[in-house]
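Below, each chain spelled out in residue letters.
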Amino acid sequence: MSNLSVIAGKPSEDLARRLSSKLKANFVKSEIKVFPDGESKITLNGNLSTKKSIVVQSMYPPVDTNLIQALSLISKAKEVSPEVIAVIPYMGYARQDREFLPGEIVTMKVLGKLFKGAGASKVITVDIHSIIGFKHFTIKTKNVSAIPDLVKYFKKLSLKNPLVVSPDQGGKERAKEFAKEFDSEYIALEKKRDRKTGKVEIKTKHIDEVTGRDLILVDDMISTGGSIIKATQFLKKQKCKRVYVACTHALLMNGAEKKIKKSGVTRIISTNTIPSKTSIVDISNTIAKAIK
Ligand code: R5P
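The model shown is predicted, which means the values in this text are computed figures rather than measured ones.

1. Structural notes on the domain arrangement of the chain
Frequently, the measure chosen for interface size is the accessible area that the parts lose on association. Domain annotation for the chain reports domain 1 (4-145 + 282-291) and domain 2 (147-272). With centres defined by C-alpha atoms, the gap from domain 1 to domain 2 works out at 28 Å. Of all residues in domain 1, Tyr90, Asp127 and Ser145 bury the most surface against domain 2, accounting for 33% of the area lost on that side. Remark: the boundary between domain 1 and domain 2 carries 0 salt bridges. Across the contact surface, domain 1 and domain 2 share 9 residue pairs in polar contact (both at pLDDT 80 or more). Sorting elements by how many residues they give to the side of domain 1 that touches domain 2 places helix H1 (residues 13-23) first, with 3 residues. Of the residues contributing to the side of domain 1 that touches domain 2, the split by class is 9 nonpolar, 3 polar and 5 charged.

Have a look at this one:
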């Protein structure tokens, strides 16, 4: 038996299988039954390593259910393996990394305690919303970037004089990294989100650079699609050509994909941190490298 086991949470089974084969690990599948009251019952199928286990479980919706399942898998792994690495490709709650409005609870602080308490010695994420979230963790953490994998895909498309665009200033560094790998220019729009209603508005008034060019809107995640839709509507008004979206985590809540397409986006390309119709970029190799 291998000295390493990869335990697949249900939401990340395909990614975990790919990772396991890259790491030549022992693959352990989990069977999940969610009872009518919402409780999860998990049964593991396979042998756990007495040395090191890797739990792979993304925290996309239902977020809290997937969180408790991740913690349960870590806790079980820790009973057998002295070292347990939690690979959480999409880390939910990462946007709650500080107190934006008085009285708000910083849930990333709670997560820091939970992952440690469950027995993880290290947490690995892919494009966590903001690295500030990890300041609340006392165990080892590592965040890997999916940008090189996304860029590899975009290089295969024949885009016309492409320009990389971040929908907001917060994503400027991400757009810069993408543009550097892609060998193009980049810009960042000014976005304002109402902290109470969540409504998004583009503050940028006019931009010349986009006219007649194919654009790649780069973001870490799409939830409701509000940010991408507002950005696309604005960019279309500036007479750009096609708008492509490159994002790591496509949550696409409440029919977001349809709404995004309707706003004028040609294609959404995301990674398999969240399996969906748009998740055509595999990041298992990048995660494997971070573990080796
Ligand atoms: C915000 O800062 C993030 O990077 C995303 O742009 C945002 O969370 C996406 O959410 P939505 O799709 O609901 O606008």
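2. Brief notes about unusual backbone geometry
Cis geometry is adopted by the peptide bond preceding Pro62, which originates at Pro61 and carries an omega value of 0°. In this structure, Pro62 sits in the loop between strand E4 (52-56) and helix H2 (63-80). Despite not being glycine, Lys24 shows a phi value in the positive range, around 50°. Locating Lys24 in the fold gives a position in the loop between H1 and strand E2 (26-34). Residues other than glycine seldom take positive phi values, yet Asn254 does so here, at roughly 50°. Among the secondary structure elements, Asn254 is positioned in the loop between strand E13 (243-250) and helix H7 (256-262). Take Asn254: its relative accessible area is 64%, and that puts it in the exposed class.

3. A few points about the pairing of strand E14 (residues 265-271)
Of all 7 residues in E14, 5 are buried; the element is thus mostly enclosed. Examined bridge by bridge, E13 and E14 share 5 bridges and lie parallel to one another. From the neighbouring strand, Tyr244 faces E14, where its bridge partner is Arg267. In this structure, E14 lies alongside strand E15 (residues 279-281), joined through 2 bridges in parallel fashion.

About the thresholds
- Within each chain, residues carry numbers counting from 1 in the order of the written sequence.
- For this predicted model, a pLDDT threshold of at least 70 governs which residues receive local features, and a threshold of 80 or more governs which side-chain atom pairs are given and counted, while totals over whole chains, interfaces and linings are taken from all residues.
- Calculated side-chain values reflect all of the structure's heavy atoms, with hydrogen atoms and water omitted.
- Boundaries of every domain are those given by an automatic assignment or by a domain database.
- In this description, buried area is defined as the sum, over both parts, of the accessible area (probe of 1.4 Å) that is lost when the two are combined.
- Here, a salt bridge means any Lys or Arg side-chain nitrogen found within 4 Å of an Asp or Glu carboxyl oxygen.
- Nitrogen and oxygen atoms within 3.5 Å of one another constitute a polar contact, given that in protein one can donate a hydrogen and the other can accept it, and given that sequence-neighbouring residues count only through two side-chain atoms.
- In DSSP terms, a helix is any run of H or I states spanning at least four residues, a strand is any run of E spanning at least two, and both are numbered starting from the N terminus.
- Under the convention adopted here, Pro, Cys and the residues Ala, Val, Leu, Ile, Met, Phe, Trp and Tyr are nonpolar, Asp, Glu, Lys and Arg are charged, and Gly plus all remaining residues are polar.
- The buried label applies to any residue whose accessible area, calculated with a 1.4 Å probe on protein chains only, is under 20% of its type's maximum; exposed applies above 50%, and partly exposed to all values in between.
- Between any two strands, pairing holds if DSSP finds at least two bridges.

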